[in-house]
Amino acid sequence: RSIWYVYAFGKKTLAAPSMLYSFFAGLAAVAVASIFQSFLDPVFSLFSGVPGLLVRSFIVSALIEESVRLVLVRFLPLRADSRSASAGLRAFLAGAVAIGFSFAAFENIIYAIRNPSSLILRSLTSVPLHASITLVCSMSLAGRFSLRRPFSPFYLVVSIVLHGIYNACMRS
């Protein structure tokens, strides 16, 4: 993760304010998602077996996490010289990936505190998952860099489905 941040900063894809925002946005996303999940988990714990697994994987985890990260990605600060559509899109997507990396790092810290033996598996799987899924989810907003629609829910739905499948596999 650190190497990617250095690469993005060195290539000037991400300016320092965007990188700093991405770091704290990942932390904020974990905090906000955890709060929502702690309120919803008791409600959805009424479901057991396969329905419970699916509800917790797709709604309590994937839907909430992707929605929170998408809101934070929306407010990613971009450099003034990112006015061209392609440069702006590159910076936007690089920032989205940075938020995904940051989210995964902070979420892994929480999981490591709860269950230290899960750290290696989660580091190998959840870090690339969250970075790539945040990138996919952010494509919902990528239309703002062109004349197309400013929001397309397709990519959000795809990211929720992929994230939910991952969660279901990890929980089963």
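For the structure itself, look to the data block above.
The following refers to the structure shown.

Definitions and limits used
- Residues numbered from 1 in each chain as written.
- Predicted model: local features only at pLDDT ≥ 70, side-chain atom pairs only at ≥ 80, totals over all residues.
- Heavy atoms only, no water.
- Helix = DSSP H or I, 4+ residues; strand = E, 2+ residues; numbered from the N terminus.
- Polar contact = N/O pair within 3.5 Å; in protein donor to acceptor, adjacent residues only side chain to side chain.
- Contact = heavy atoms within 4.5 Å.
- Phe/Tyr/Trp six-rings, centres within 6.5 Å; stacked < 30°, edge-to-face > 60°.
- Buried < 20%, exposed > 50% of the residue type's maximum accessible area, 1.4 Å probe, protein only.
- Axes fitted to C-alpha atoms, helices over the stretch in contact; angles between N-to-C directions.
- Parallel < 35°, antiparallel > 145°, perpendicular 65-115°, else oblique.
- Left-handed = near helix turned anticlockwise from the far one by under 90°.
- Nonpolar A, V, L, I, M, F, W, Y, C, P; charged D, E, K, R; others polar.

Another point: the side chain of Arg122. Its location among the elements puts Arg122 in helix α5 (residues 119–138). A distance of 2.7 Å separates the side chain of Arg122 from the side chain of Glu107, its partner in a polar contact. If we skip the residues at most four places from it in the chain, Arg122 touches Glu107, Asn108, Tyr111, Val127, His130, Tyr166 and Met170.

This part takes up the packing of aromatic side chains. For the coordinates displayed, the defined rule picks out four aromatic pairs. Judged by centre distance (5.1 Å) and plane angle (85°), the rings of Phe23 and Phe24 are edge-to-face. Its relative accessible area of 37% is what places Phe23 among the partly exposed residues. Ring plane angle 65° and centroid distance 5.3 Å describe the contact between Phe23 and Phe106, whose orientation is recorded as edge-to-face.

Once that is clear, we can look at the packing of α5 against helix α6 (residues 153–171). One way to put it is that α5 packs onto α6 with a least axis distance of 8 Å and a crossing angle of 165°. By the criterion of interaxial angle, the relationship of α5 to α6 is roughly antiparallel. Note that α5 runs across α6; the crossing there is left-handed. Seen from α5, the contacting residues are Leu121, Arg122, Thr125, Ser126, Leu129, His130, Ile133, Val136 and Cys137; seen from α6, they are Tyr155, Leu156, Val158, Ser159, Leu162, His163, Tyr166 and Met170. Classifying every residue of the contact of α5 with α6 gives 11 nonpolar, five polar and one charged.

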